[in-house]
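# Descriptive structure summary
Take a look at the letters that make up each chain.
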Amino acid sequence: MDSGVFAAHSGGGRLALPSLRLLAPPLQLMMASMWKVLKKRDVPNYWTLAEYVSLVVDVVPDMLMHKHRLQLLLGLRARYILELCRNDLMDRDLILSHLEKIKSCPLVNVDEPGPDIVVNFVELIHSLLKDPEARQEFFTEVFPVEYGTQYDNDLQTLFYNFPTALQNSAAEVKSGNLESPVGYYYQGVWRALDGTTIQQFHTSSAVCQCLKGKMIHRYGDSTIRQWYEYLVATVPDLKDFNLHSRTQVGPFMALDYTNNIMVTYRCHGPPIRFVDMSWNF
């Protein structure tokens, strides 16, 4: 390792972030940052922490048990919303928008106690928003008992298994025990980092044979749209079905009746230059 990295900071100043990456893997730095949020009870960042955990468990659903995930995610989000309610200048619209996100949480299903917890919490928040006296009484008498130090400690306990599970999943991907799409494109060939051999289709007939009997749904930006356009131009019998959509926005659909192929494209969201979008196929 280049000693100059340390020499530049020998005066006692903090190491720059690029230097820290040389000392610890990015995953460990991220876990340390997340632990810091919980340890310091940095409640304004609880929602962001919950969003990250939710993103990871969506990718690797078996990382945490369903009940464990539910308690952790709802616990973080509920504590964040309550903190918003404590503010005398609270933003009612922001609070209500977060409540809607909790109500639509995909982790909540009828086979778990989650729905009752969510309904009760939503009713509590609505009552706090409507009745200032009830709000003052709640934060004076109830909140310190039910959402105080013990509540934060319980969140730390729930979070405890997450870093270990994430590191184990990352190790499995690195060792090749899990399928990994990570790689790079070089000299016209996709090279997977885990050594997986990628099939190449260099002719229109080969592409057609690969897609035969399949439905391919593409969802993304203009780069993904260009893939859609490439397939339509490459597969001889794949023809655009006119949905009367705008040229750059879509949605688009192409059909190959002979080979039973359907390809669709939808824009991921409205870029600034687009005024409106049609979402109906």
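Residues numbered from 1 in each chain as written. Predicted model: local features only at pLDDT ≥ 70, side-chain atom pairs only at ≥ 80, totals over all residues. Heavy atoms only, no water.

The name recorded for the protein chain in an unreviewed UniProt entry is NXPE family member 3, from Takifugu flavidus.

What follows covers the packing of aromatic side chains. Here a ring pair, both rings aromatic, is described through the centre-centre distance and the interplanar angle of the planes. In the structure shown here, the tally under the stated rule is twelve aromatic pairs. Measuring from centroid to centroid gives 5.8 Å for Phe-143 and Tyr-147, while their planes differ by 15 degrees, and the two rings are stacked. Taking relative accessible area as the criterion, Phe-143 reaches 6% and is therefore assigned buried. On the basis of an interplanar angle of 20 degrees and a centroid distance of 5.8 Å, the ring pair of Phe-252 and Tyr-265 is categorised as stacked. Taken as a pair, Phe-252 in strand 5 (residues 252–256) and Tyr-265 in strand 6 (residues 261–267) lie far apart in primary sequence, 13 residues in all. Each member of the pair, Phe-252 as well as Tyr-265, carries the same accessibility label: buried. Within the aromatic cluster, the residues linked to one another by ring pairs are Phe-138, Phe-139, Phe-143, Tyr-147 and Tyr-151. The ring centre of Trp-47 lies 5.4 Å from the NZ or CZ of Arg-77, which sits over that ring. (Phe/Tyr/Trp six-rings, centres within 6.5 Å; stacked < 30°, edge-to-face > 60°. Buried < 20%, exposed > 50% of the residue type's maximum accessible area, 1.4 Å probe, protein only. Helix = DSSP H or I, 4+ residues; strand = E, 2+ residues; numbered from the N terminus. Lys NZ or Arg CZ within 6 Å of the ring centre and 35° of its normal.)

What follows concerns the nonpolar core. In terms of nonpolar packing, the biggest core is built from 45 residues, with Val-53, Ile-81, Leu-82, Phe-121, Ile-125 and Phe-162 touching the most fellow members. Those elements giving two or more residues to this core turn out to be helix 3 (26–39), helix 4 (46–59), helix 5 (66–86), helix 6 (92–103), helix 7 (114–130), helix 8 (132–146) and helix 9 (149–175). Filtering out sequence-adjacent residues up to four positions away, Phe-162 remains in contact with Met-31, Met-34, Tyr-52, Val-53, Val-56, Val-57, Met-63 and Leu-64. The next biggest cluster of nonpolar side chains, apart from the first, holds 15 residues, and it includes Val-207, Val-232, Leu-238 and Tyr-265. (Core = buried A, V, L, I, M, F, W, Y, C linked by side-chain atoms within 4.5 Å. Contact = heavy atoms within 4.5 Å.)

What follows covers the side chain of Thr-264. If you trace the backbone, Thr-264 turns up in strand 6. Residue class for Thr-264 comes out buried when judged on its relative accessible area of 4%. Here the side chain of Thr-264 touches His-217 through a polar contact of 2.8 Å, side chain to side chain. (Polar contact = N/O pair within 3.5 Å; in protein donor to acceptor, adjacent residues only side chain to side chain.)

On to the pattern of salt bridges, then. One pass over the full model with this rule turns up five salt bridges. The salt bridge involving Arg-41 is made with Asp-152; its shortest N-O contact spans 3.1 Å. In this pair, Arg-41 sits in the loop between helix 3 and helix 4 while Asp-152 sits in helix 9, placing the two residues 111 residues apart along the sequence. With a relative accessible area of 32%, Arg-41 lands in the partly exposed category. (Salt bridge = Lys/Arg side-chain N within 4 Å of Asp/Glu carboxyl O.)

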